[in-house]
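Structure at a glance
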Amino acid sequence: MLESLENNEVILLMYLADELPPVDRQEVEQMLAADGGLRRALEALQAAHSALHVGLARLDQVESLSNQATLTRRIGRAMRQHSLDRASKSRTPERTKVALPWWTYPTAAAAAIFLAFTIWVISFNSSHRAVVTYPPNSPVAIGPAGGGSPSGPPSATDLRPTPAQLAQELENSFGGSTTEREDNQMAALQVDPQAAQGGDLNE
Amino acid sequence: MPVPAASPLIPSENITDEVMFQRLQDGDTAAGDELVRRYYQPLLRYLQRLTGSQAGDELLQQTWLSVLDHADKFDPALSGGGFKAWLFRIATNKANDFWRSRGREKSAREGLRLVTDDASPASDQRLEGSEEQQKLRWAISQLPESQRQVVMLRYYSELKFVEIAKVVGCPLNTALGRAHKAMMKLKQLMES
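Because the structure is predicted, anything quoted here is derived from the model rather than measured.

1. Regarding the overall build of chain B
For chain B, the count of helices and strands is nine helices and zero strands. Counted from the first residue to the last, chain B has its helices and strands arranged as α-α-α-α-α-α-α-α-α. Taken over 192 residues, chain B has a buried fraction of 35%. Residue pairs in contact within chain B that sit at least 24 positions apart in sequence constitute 59% of those at least 6 positions apart.

2. Concerning the overall build of chain A
Each helix and strand counted, chain A has 10 helices and zero strands in total. Ordered by position in the sequence, the α and β elements of chain A form the string α-α-α-α-α-α-α-α-α-α. In chain A, which comprises 203 residues, the proportion classed as buried is 7%. Within chain A, counting contacts between residues at least 6 apart in sequence, those at least 24 apart form 27% of the total.

3. Section: the interface of chain B and chain A
Taken together, the contact pairs 33 residues of chain B with 35 residues of chain A. Mapped by element, the contributors of at least two residues to the side of chain B that touches chain A are α2 (29-51), α3 (56-69), α6 (131-141) and α9 (172-191) of chain B. By residue number, the principal contributor to the side of chain B that touches chain A is α9(B), which donates 10 residues. In terms of residue class, the side of chain B that touches chain A is made up of 16 nonpolar, nine polar and eight charged.

4. Points about the packing of helix α1 (residues 17-25) of chain B against helix α4 (residues 82-101) of chain B
Residue and element names in this part refer to chain B. Running from N to C, α1 and α4 cross one another at 65°; their axes reach a closest spacing of 7 Å. One finds that α1 runs roughly perpendicular with respect to α4. Contacts from D17, E18 and F21 of α1 reach α4 at G82, F83 and K84. Considering only residue class, the contact of α1 with α4 consists of two nonpolar, one polar and three charged.

5. Observations concerning the environment of S66(A)
On the secondary structure map, S66(A) appears in the loop between α3 (36-62) and α4 (68-91). Given 16 C-beta atoms within a 10 Å radius, S66(A) is considered partly exposed. Filtering out sequence-adjacent residues up to four positions away, S66(A) remains in contact with L71(A) and D57(B).

6. With respect to helix α7 (residues 145-157) of chain B
All names here are of chain B. Compared with an ideal rise of 1.5 Å per residue, which puts 13 residues at 18 Å, α7 spans 17 Å between its outermost C-alpha atoms and is within 8% of the ideal. In terms of burial, α7 is a largely internal element, 10 of the 13 residues being buried. Of the surrounding elements, those touching the buried residues of α7 are α2, α4, α6, α8 (161-168) and α9. Among the residues trailing α7, E158 stands out with phi positive, at a value near 60°.

7. Focus on the packing of α7(B) against α8(B)
Residues and elements named next belong to chain B. Axis separation between α7 and α8 bottoms out at 10 Å; the angle between their running directions is 130°. Taken together, the axis directions place α7 and α8 in an arrangement best described as oblique. The interaxial crossing formed by α7 with α8 has right-handed handedness. Facing Q149, V150, L153 and R154 of α7, the residues of α8 in contact are I164, V167 and V168. A per-class count over the contact of α7 with α8 returns five nonpolar, one polar and one charged.

8. Here's the deal with the confidence of the model for chain B
All names here are of chain B. For chain B, mean pLDDT is 82; residues scoring 70 or higher make up 79% of the total. Mean pLDDT across the secondary structure elements of chain B bottoms out at helix α5 (residues 103-116), with 57, and peaks at α7, with 94. Prediction confidence for the complex, expressed as pTM and ipTM, is 0.64 and 0.78 respectively.

9. Some remarks on the environment of D17(B)
Residues and elements named next belong to chain B. Structurally, D17 is set in helix α1. Accessibility expressed as a C-beta count within 10 Å gives 18 for D17, which makes it partly exposed. As a C-alpha pair, D17 and A31 span 14 residues in sequence and 9.3 Å in three-dimensional space. Filtering out sequence-adjacent residues up to four positions away, D17 remains in contact with L35, G82, F83 and K84.

10. Focus: α6(B)
Listed as buried for α6(B) are L136(B), R137(B), A139(B) and I140(B). For α6(B), the arc enclosing every buried residue in end-on projection is 160°, short of the 170-degree limit, so these residues lie on one face. The elements touched by buried residues of α6(B) are α3 of chain A together with α2, α7 and α9 of chain B.

About the criteria used
Positions within a chain are numbered from 1, following the residues in the order the chain's sequence is written. Think of it this way: whatever chain is written first is A, whatever ligand is written first is 1, and the rest follow in order. In view of the model being predicted, local features appear only for residues whose pLDDT reaches at least 70, and side-chain atom pairs are presented and counted only at 80 or more, with totals across whole chains, interfaces and linings using the full set of residues. Comment: elements are numbered from the N terminus, with helices defined as DSSP H or I runs of at least four residues and strands as E runs of at least two. Working definition of burial: number of other C-beta atoms within 10 Å of the residue's own, with buried at 20 or more, exposed at 12 or fewer, and partly exposed in between, all C-beta atoms being placed from the backbone. Contact definition: two residues whose C-beta atoms, as placed from backbone geometry, lie within 7 Å. All residues other than Ala, Val, Leu, Ile, Met, Phe, Trp, Tyr, Cys, Pro, Asp, Glu, Lys and Arg, Gly among them, are scored as polar; the first ten of these are nonpolar and the last four charged. The axes are straight lines fitted to the C-alpha atoms, using for helices just the contacting stretch, and the angles between their N-to-C directions are given from 0 to 180°. Each angle gets one of four labels, with under 35 degrees taken as roughly parallel, over 145 as roughly antiparallel, 65 to 115 as roughly perpendicular, and the rest as oblique. One fewer than the residue count of a helix, multiplied by 1.5 Å, yields its expected span. Crossings are assigned a handedness: left-handed for a near helix turned anticlockwise from the far helix by less than a right angle, right-handed for a clockwise turn. Confidence per residue, as judged by the predictor, is encoded in pLDDT with a range of 0 to 100. Of all possible arcs, the one meant is that of the directions from the helix axis to the C-beta atoms.

Here you go:
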């Protein structure tokens, strides 16, 4: 072991502490017998060691510690509480964290955008579609004779009115033929038809 | 390692620290109380000498709570010096944490001391005992932290230097060198 120690000071300290193996201890004693300087160094170290031990022992006697019973009880309580806390913590099932792959969030974001776009397209189409309401007994609502599927409900194509049907429908809704409509308009204006056609009002 | 069951026939003083600690790990709180009682004085004195303050009580409690926290890391077969060395290692770490947290305050205080004090025993320390004891207290406070740790570990834990080197985490030669320097410096300060 002596070979591993760097200098005489640490060798002497190990000797003084009685931590050298017997063989090394014997070797140090031979060195001490032969070297007066080493003996003096050992004596100085021994004196410092003794002074420190005696001094610390006296200091410990003078300096009072906290009440041992009180502090020991306090530490005991803290340890018991600590153990209880740890036990309850270990009983509480921890929330398992699911490790999601990296592409999860971009995919979810893309799906949300697509869904929002789809909803917007549907609502846009429905708000701009022309809504024509037909009376229940109109031929358009009933559909052409023999049209549609004989067994099932009429298809969207069957329900679509032809131009002639639309014209008829408009005529009906304005009340009569074109001539009748004109008469009605004149009556509403209370104007003589001849005057209205460019005749002299004084005649 | 088989742990002897707690028996009223075996006085607790005869049971080793390692067995007591194993019982504590198994939930025997009385074993914990016994360990705290066994190391109360040396551990508290050690912490007080290291920190030089009244924080010793708090650090002592923190040390024991840390013992519980790291109980699974203690291996009697691997830990040189057994439970005692492990306990003092935790206490040393707590003292180091304390020093780090107080580092700024300490620097400021030492700066002030340079201005107001001409290297005499600090007047703000608790004055108990004779003048010689006050001088020793002051001399200890003048040691570098690393040297103080080694000397106080040697005195209060009674561990071997080989074990002390492991506790403070340095080579044996370094630990011995620190102890030698500390003792010679203390002698010099006491004689001045």
